[in-house]
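Observations on the model geometry
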Amino acid sequence: MPSALPPGDPAPADGSLPAESLSTLGEKGLGFYVHVPFCTVRCGYCDFNTYTAIELGPGVSRQTYAEQAIEEVRLARRVLGRDRPVDTVFFGGGTPTLLPASDLVGMLGAIRDEFGLADDVEVTTEANPDSVDLDYLRALREGGFTRLSFGMQSAVPHVLKTLDRTHDPERVPLVVEWARQAGFEQISLDLIYGTPGESIDDWRTSLETALASDPDHISAYSLIVEDGTALARRVRRGEIEMPDEDDLADKYELADAILGKQGLTWYEVSNWATDATQRCRHNMLYWQGGDWWGVGPGAHSHVGGTRWWNVKHPAAYADRIGAGTSPAHAREVLAAEDRRVERVLLELRLANGLSTAALDEEGQAALPEQVRRGLVTVADGTIVLTDTGRLLADAVVRDLLP
Ligand SMILES: C[S@@+](CC[C@H](N)C(=O)[O-])C[C@H]1O[C@@H](n2cnc3c(N)ncnc32)[C@H](O)[C@@H]1O
Ligand code: SF4
């Protein structure tokens, strides 16, 4: 089962927000995240809020999910008003592409009807390579989707097997080709490095195979062992061994070098794009403290310093929506200091950097040592990680947030 929700303060049944949070709505962009909590099988490393048909239990059906999500979009309209069109929409999961394309297009249509979409709106869906074909991708493109993020993970069969990924690696170039034919001009591939048993050559193969499809964007995250997952149990039993920090650093450097050679440059520690127009604007909105409403079970939202999260199980979500009440489980109003800490944590990971003004006195005092050690540069009041600093980003953040 996916990990538990954080505690928090009670959330009002009508979904209402503090007036102060609403007063700055959309100043840094307005996004929608739509969670689709279904997967065919659960990958042993994943603790996202997603359910296979067996895990889902009785009384919940994929068929009625889009209608429920649309109800929540209507609630969002009542709470937020219609002052400003939506800049970005992101369908994630789970596996959004397990639903019919018409459901995804229908949910997007509800956001368009209730709020309006900006002329240059970015609309992404995550997609598993074995859950789409050309007709499906055409239906998404015609329905207003502009960006695809395919869960490739690796090109190497034994690595995919350890990750429990079900797709044939040969399908990835095929789905990218179909996506181009369907008219998508923003295609991202998600990769994972540091899977037990993955050699540096395996990782090189995955990177080169990904690049052979000419993607516009690559995300490469190291495999995290999440408590409670099958992967964590296998590691604990000693069946498989996680790589050490040096191996991960070598793989990160290799990624940066190979991607760089093909013209993809980093804009966030784990994300590379061919140019600024190919950056994921929805994720930038998260990282830069924008406002977004998360639709669906377990989805998190943030508006003007108020953060809330929905009830986790799809059955509980369906009950709340069916009763006409907000699906929010709890919320917290962030204090100014919490917002500052979060800002440092997220913006320091961006190539655009972090303003020195975001550091407190102790952080300012720690900065010269980070510069001396070659971990960051400071120019025009902006702190940017160096290549070495990117490898040690978490440690740099710890030092600047004493
Ligand atoms: C939760 S998935 C949803 C999209 C789709 N189902 C997929 O698997 O591609 C989004 C991304 O998170 C990654 N992910 C999930 N659990 C992870 C973990 N423990 N460590 C690193 N990446 C993880 C997945 O591999 C995937 O690329
Ligand atoms: S397909 Fe994606 S969301 Fe589903 S279990 Fe695997 S990684 Fe998690």
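Computed from a predicted structure; not experimentally measured. (Residues numbered from 1 in each chain as written. Chains lettered and ligands numbered in written order. Predicted model: local features only at pLDDT ≥ 70, side-chain atom pairs only at ≥ 80, totals over all residues. Heavy atoms only, no water.)

On to empty space enclosed by the protein. This model, assessed by the stated rule, comprises 1 cavity of 30 Å³ or more. Taken as a whole, the largest cavity holds about 60 Å³ of empty space. Taken together, Ala11, Pro12, Gly15, Ser16, Leu17, Trp308, Ser326, Ala328 and Arg331 form the lining of the largest cavity. Considered class by class, the residues forming the lining of the largest cavity number 5 nonpolar, 3 polar and 1 charged. (1 Å grid on protein atoms, 1.4 Å probe; cavity = no way out; pocket = protein on both sides within 12 Å on 5 of 7 lines; lining within 4 Å. Points joined across faces, edges and corners; volume = space filled by probe spheres on them. Nonpolar A, V, L, I, M, F, W, Y, C, P; charged D, E, K, R; others polar.)

Bring the parts together and some accessible area is lost; that lost area is often taken as the interface size. In terms of domains, the protein is made up of domain 1 (19-287) and domain 2 (337-402). Computed from C-alpha coordinates alone, the two centres of domain 1 and domain 2 are separated by 28 Å. Contact with domain 1, which involves 14 residues of that partner, is made by 11 residues of domain 2. Each partner contributes to the roughly 1,200 Å² buried at the junction of domain 1 and domain 2, and carbon and sulfur atoms together form 59% of this total. Together, Trp266, Val269 and Trp287 form the three largest contributors to the area buried by domain 1 at its contact with domain 2, with a combined 49%. Our count for the contact surface shared by domain 1 and domain 2 stands at 2 salt bridges. A salt bridge links Arg349 to Glu268; the shortest N-O distance between them is 3.0 Å. Top contributing element to the side of domain 1 that touches domain 2 by residue count: helix α10 (residues 245-261), with 4 residues. Each residue belonging to the side of domain 1 that touches domain 2 can be placed in one class, and the counts come to 9 nonpolar, 1 polar and 4 charged. (Domains from an automatic or database assignment. Contact = heavy atoms within 4.5 Å. Buried area = accessible area lost by both parts, 1.4 Å probe. Salt bridge = Lys/Arg side-chain N within 4 Å of Asp/Glu carboxyl O. Helix = DSSP H or I, 4+ residues; strand = E, 2+ residues; numbered from the N terminus.)

Near ligand 2 you find Cys39, Val41, Arg42, Cys43, Tyr45, Cys46, Gly94, Thr95, Asn128 and Arg165, and these make up its full shell. For the shell around ligand 2, the per-class residue count stands at 5 nonpolar, 3 polar and 2 charged. (Near = heavy atom within 4 Å.)

By nearness alone, 17 residues border ligand 1, and Gly94, Gln153, Arg165, Asp190 and Ile224 come closest of all. Gly94 places a polar main-chain atom, nitrogen or oxygen, 2.8 Å from a nitrogen atom of ligand 1. Note that an oxygen atom of ligand 1 is positioned 2.7 Å from one of the side-chain N or O atoms of Asp190. The fraction of the free accessible surface of ligand 1 (540 Å²) that becomes covered by protein chains is 90%. Here the shell around ligand 1 is composed, by residue class, of 6 nonpolar, 7 polar and 4 charged. (Polar contact = N/O pair within 3.5 Å; in protein donor to acceptor, adjacent residues only side chain to side chain. Areas by Shrake-Rupley, 256 points an atom, 1.4 Å probe, with all protein chains shown as cover.)

Scanning the model with the defined rule gives 10 aromatic pairs in all. Between Tyr252 and Trp272, the ring centres sit 5.6 Å apart and the planes meet at 45°, which makes this aromatic pair tilted. Remark: Trp272 occurs in strand β9 (residues 271-273) and Tyr252 occurs in helix α10; sequence separation between them is 20 residues. Taken together through their ring pairs, the aromatic side chains of Phe38, Tyr65 and Tyr317 make up a single cluster. Sitting over the ring of Phe184, Arg141 keeps its end group 5.7 Å from the ring centre. (Phe/Tyr/Trp six-rings, centres within 6.5 Å; stacked < 30°, edge-to-face > 60°. Lys NZ or Arg CZ within 6 Å of the ring centre and 35° of its normal.)

Now for the UniProt feature "domain: Radical SAM core" (unreviewed entry) in the protein. UniProt annotation of "domain: Radical SAM core" (unreviewed entry) refers to residues 24-264 when read in the numbering used here. Spanning residues 24-264, this segment combines 41% helix with 20% strand, and its end C-alpha atoms are found 34 Å apart. (UniProt positions renumbered as here; feature names shortened; annotations may be inferred.)

Turning next to helix α8 (residues 200-212). Taking 1.5 Å of rise per residue, the 13 residues of α8 would be expected to cover 18 Å, and the 18 Å separating its terminal C-alpha atoms lies within 8% of that figure. Looking at α8, one finds that the buried residues are Asp202, Trp203, Ser206, Leu207, Ala210 and Leu211. A positive phi of about 60° marks Asp214, the residue just after α8. (Expected span 1.5 Å × (residues − 1). Buried < 20%, exposed > 50% of the residue type's maximum accessible area, 1.4 Å probe, protein only.)

Here we take up the sheet that holds strand β15 (residues 376-379). With antiparallel pairing, 3 strands are arranged side by side in an open sheet as β14-β16-β15. In this open sheet, the two strands that pair with only one neighbour each are β14 (354-355) and β15. One ladder, built from 2 bridges, connects β14 with strand β16 (residues 382-385); its direction is antiparallel. When the bridges of β16 are listed, Leu354 appears paired with Ile383. (Pairing = 2+ DSSP bridges.)

So, about the environment of Glu72. Here Glu72 is to be found in helix α3 (residues 65-80). Owing to a relative accessible area of 0%, Glu72 belongs among the buried residues under this scheme. The residues touching Glu72, leaving out its near neighbours within four places in the chain, are Trp293, Gly294, Val295, Gly296, Asn310, Tyr317, Ile321 and Pro327. Within the local environment of Glu72, its side chain forms a polar contact with the backbone nitrogen of Gly296, the two atoms lying 2.9 Å apart.

Here Ser131 shows up in the loop between β4 (117-127) and α5 (134-142). Within the structure, the side chain of Ser131 is placed 2.6 Å from the side chain of Thr97, a separation counted as a polar contact. Those residues in contact with Ser131, other than ones at most four positions away along the chain, are Thr95 and Thr97.

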